[in-house]
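Chains, contacts and geometry: an overview
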Amino acid sequence: MLQKRKRAAMIHVADVHGRRLEGALVEVEQISREFPFGSAIASTILGNLPYQNWFVERFNAAVFENELKWYATEPQQGIVNYTVPDQMLEFARANQIMVRGHNIFWENPKYSPSWVLNLTGPELKVAVNSRIQSLMSQYKSEFIHWDVSNEMLHFDFYEQKLGPDASLQFFETSHQADPLATLFMNDYNVVETCFDMNSTVDAYISRLRELERAGVSMDGIGLESHFTIPNPPLMRAILDKLATLNLPIWLTEVDISNTLDEQTQARYLEAVLREGFSHPSVNGIMLWTALHPNGCYQMCLTDNNFRNLPAGDVVDNLLKEWQTGAVEGQTDDHGSFSFYGFFGEYKVTVCYGNRTVTSTFSLCQGDETRHLNIQL
């Protein structure tokens, strides 16, 4: 299915009078990828140049592991501090990295700020509205997505406290605060297994439909993808079923359990990434591999000196495989040169005689061949 990620391109070379030039030397190089592939980062990346360089060389997307969560930005009621996520966002912006917003609320009370747990209905309502307004005004238009109510298939802290429509209100208020942000549901054990009754694919779809019927602007399907032993055919069947909803699907927190050895983690990671990338309805993949001095949540790509672990080799090899390598050749007797390339931005250099022209163009999704005219 990799052809779904590629497109045919034809470069036509002519002189200023429109005469086709046969035998012009054409070199094409992909300079950026369109498909978002990235990882979680933590505040440990700040001021850490080797980590930053390593990240930027590979990834075009990021998500903050914990730094945007409510307990991180407002550990004490009324004292809101965005200094750390602001700095992380600055790093991402400086390197043209898109960022997912994770998360506005987490339905698991264990990960809500401790002061929130004791609030009564009206006080909690004021606090949650204040959280949405504060976060969305601070970061309006900065994040490509927001995970609005994290893990709502498994937990319902806010529904219990504020009534069954609490999460509907979260989505509505978030949409009003930042109308152009894509709002996601995000949950685990949807593609990872079929043994969790809370998060079967049908349970996910039914919750989406419920939100839809209530008029909620729900734009994206977030699948955390924390695997132990992946089952690729099951994963494919679930992705196929979710694809019928015609919403963007992202694998948002991909890793493999550290109960397995590094070689097995790497092998399973490759199976998951290949399955995700080859599915035409998957719009992006995020790994959950933020690096800390004591390691990562479940799976690291490198050691603390940025030497690849087996999982890191898998990622590097797939990144090479999913990028158009150097393409070169000569124009035919019609003055044309064609190739198939992965979606993204390209630089093309054409030489004929003593003349050289460099240009850029993009290959984005489309069924037709992309034509580019170059004049020498």
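Parameters and conventions
Residues numbered from 1 in each chain as written. Predicted model: local features only at pLDDT ≥ 70, side-chain atom pairs only at ≥ 80, totals over all residues. Heavy atoms only, no water. Buried < 20%, exposed > 50% of the residue type's maximum accessible area, 1.4 Å probe, protein only. Helix = DSSP H or I, 4+ residues; strand = E, 2+ residues; numbered from the N terminus. Pairing = 2+ DSSP bridges. Right-handed = clockwise from strand over helix to strand, strands pointing away. Lys, Arg positive; Asp, Glu negative; His and termini not counted. Salt bridge = Lys/Arg side-chain N within 4 Å of Asp/Glu carboxyl O. Polar contact = N/O pair within 3.5 Å; in protein donor to acceptor, adjacent residues only side chain to side chain. Contact = heavy atoms within 4.5 Å. Axes fitted to C-alpha atoms, helices over the stretch in contact; angles between N-to-C directions. Parallel < 35°, antiparallel > 145°, perpendicular 65-115°, else oblique. Left-handed = near helix turned anticlockwise from the far one by under 90°. Nonpolar A, V, L, I, M, F, W, Y, C, P; charged D, E, K, R; others polar.

**Here we look at the pairing of strand 4 (residues 61-64)**
Side chains Ala61 and Val63 project from strand 4 onto one buried face, and the interleaved Ala62 and Phe64 project onto a second face that is buried too. Here strand 3 (residues 37-41) runs beside strand 4; their pairing, made up of four bridges, is parallel. Looking across to strand 4, one finds that Gly38 is bridged to Ala61. For the crossover that starts at strand 3, traverses helix 1 (residues 49-58) and ends in the parallel strand 4, the hand is right-handed. Examined bridge by bridge, strand 4 and strand 5 (residues 98-106) share three bridges and lie parallel to one another. For Ala62, the partnering residue across the bridge sits in strand 5 and is Val99.

**Thoughts on the side chain of Glu151**
With respect to the secondary-structure elements, Glu151 resides in the loop between strand 6 (145-150) and helix 6 (157-162). Buried charge without a partner: Glu151 forms no salt bridge, and the closest opposite charge is Lys69, 7.8 Å away. Within the structure, Glu151 has its side chain in polar contact with the side chain of Trp106 (distance 2.8 Å). Other than its neighbours up to four places away in sequence, Glu151 contacts Trp106, Glu107, Asn186, Asp187, Tyr188 and Glu224.

**Brief notes about the packing of helix 9 (residues 232-243) against helix 10 (residues 262-278)**
With their axes 10 Å apart at the nearest point, helix 9 and helix 10 run at an angle of 25° to one another. The angle between helix 9 and helix 10 places the two elements in the roughly parallel class. Relative to helix 10, the crossing made by helix 9 is right-handed. On helix 10, the residues touching Pro232, Met235 and Arg236 of helix 9 are Ala271, Val272, Glu275 and Gly276. A per-class count over the contact of helix 9 with helix 10 returns four nonpolar, one polar and two charged.

**What about unusual backbone geometry?**
A cis geometry characterises the amide bond from His102 onward to Asn103, with omega recorded as -10°. In this structure, Asn103 sits in strand 5. The backbone phi angle of Ser225 is positive, close to 70°, even though this residue is not glycine. Tracing the sequence through the fold places Ser225 in the loop between strand 8 (220-223) and strand 9 (226-227).

**Considering the pattern of salt bridges**
Summed over all chains, the structure comprises 13 salt bridges. For the salt bridge of Arg58 with Glu57, the shortest nitrogen-to-oxygen distance reads 3.6 Å. For Arg58, a relative accessible area of 14% corresponds to the buried category. With a relative accessible area of 62%, Glu57 lands in the exposed category.

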